[in-house]
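Working through the structure, step by step
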Amino acid sequence: MPIRAIVTDIEGTTTPIAFVHEVLFPYARSRIAEFCMAHRNDPEVAACLADARVLEGAPDLDHDATVALLVKWIDEDRKAGPLKVLQGLIWQAGYEDGVLKGQVYEDAAALLLCWETQGLKLYVYSSGSVAAQKLIFGYSDKGDLTPVFSGYFDTAVGAKVDAASYASIAREIGAEPSDILFLTDMPKEVDAACAAGFMVVRIDRTMAADATHDEDGVLVAGSFEPVDAYIRSINQA
């Protein structure tokens with residue numbers, strides 16, 4: 001079956017892990033207290049603060065204690081909905097001010113553009129919020145890449161290590177799982193996507209070689225170039 005759609009992860013796949021952990025997270029951490037105080041009466045921010053207290057099971061936390069909780073979650077890399085929304089709002093201001101610029105690997109940017117012109121439908125599936133995904137690609141160091149994507153998915157569709165999440169994505173895309181290629185750097189996500197019937201390539205940016213196969217026969221690529229060759233070999237067969 002030909003590949004009709006590509007779903008890509010971000011961190012470690014299209015974008016250096018260091019950008020997320022060494023740029024974005026510290027940027028939000030250093031600004032979250034000031035941001036929450038300045039916007040505490042904004043409905044969206046107030047709702048996030050209230051949701052964080054509920055999620056923690058501590059609805060009576062005061063403002064300062066709630067912010068301290070959010071900082072703790074950042075340090076723990078916790079994938080909490082209220083935190084992700086607040087981080088997204090802080091990052092948005094940074095991108096719009098020109099302080100932040102989304103980092104995208106050159107090979108990823110070039111081939112995403114190429115695949116879109118070839119008629120492949122492109123999607124993102126990341127643990128970061130959809131809003132944060134759009135910011136990385138919309139304000140990227142390779143220009144605005146958002147026009148190449150037909151849709152975005154975050155953990156609202158389900159955990160990335162759960163095969164049911166990929167089945168849901170296939171239904172939303174309107175394609176058979178076997179017609180979709182998933183790109184990720186995480187072995188557990190490879191397993192989940194394979195279980196759902198997706199084709200999968202694992203991206204390993206530390207590889208010296210262009211591509212190899214793991215013990216399960218999954219293609220492992222050091223960049224997007226071998227992925228492009230893989231797609232052409234399938235679609236031209």
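Above this text sits the structure in question.
Read on for an overview of the structure. (Residues numbered from 1 in each chain as written. Predicted model: local features only at pLDDT ≥ 70, side-chain atom pairs only at ≥ 80, totals over all residues. Heavy atoms only, no water.)

Next up on the list: the pattern of salt bridges. Side-chain pairs of opposite charge can arise where the charged atoms are in close proximity. Applying the stated criterion to the full structure yields ten salt bridges. Glutamate 56 serves as the salt-bridge partner of arginine 78, at 3.8 Å between the closest nitrogen and oxygen. With arginine 78 in the loop between α3 (63-75) and α4 (81-96) and glutamate 56 in helix α2 (residues 43-56), this residue pair connects regions lying 22 residues apart in the sequence. Using a relative accessible area of 32% as the deciding quantity, one classes arginine 78 as partly exposed. (Salt bridge = Lys/Arg side-chain N within 4 Å of Asp/Glu carboxyl O. Helix = DSSP H or I, 4+ residues; strand = E, 2+ residues; numbered from the N terminus. Buried < 20%, exposed > 50% of the residue type's maximum accessible area, 1.4 Å probe, protein only.)

Core analysis: the biggest nonpolar cluster contains 57 residues, and Trp91 and Trp115 have the highest contact counts within it. The element contributing the most residues to this core is helix α1 (residues 17-38), with nine residues. Discounting chain neighbours no more than four positions away, the residues touching tryptophan 91 are Leu24, Phe25, Tyr27, Ala28, Leu100, Ala132 and Leu135. In terms of nonpolar packing, the next biggest core, distinct from the first, is built from 20 residues, Phe153, Ile169, Ala192 and Ala196 among them. (Core = buried A, V, L, I, M, F, W, Y, C linked by side-chain atoms within 4.5 Å. Contact = heavy atoms within 4.5 Å.)

What follows is about the packing of aromatic side chains. Evaluation of the coordinates by the stated rule reveals ten aromatic pairs. Between phenylalanine 25 and tryptophan 91, the ring centres sit 6.3 Å apart and the planes meet at 15 degrees, which makes this aromatic pair stacked. Pair noted here: phenylalanine 25 is in helix α1 and tryptophan 91 is in helix α4, with a separation of 66 residues, a long-range link. Here phenylalanine 25 matches tryptophan 91 in class, with each residue buried. Taken together, a centroid distance of 5.6 Å and an interplanar angle of 25 degrees make the contact between tyrosine 95 and tyrosine 139 stacked. Separated by 44 residues along the polypeptide, tyrosine 95 in helix α4 and tyrosine 139 in the loop between α6 (130-138) and β3 (149-153) bring together distant segments of the chain. (Phe/Tyr/Trp six-rings, centres within 6.5 Å; stacked < 30°, edge-to-face > 60°.)

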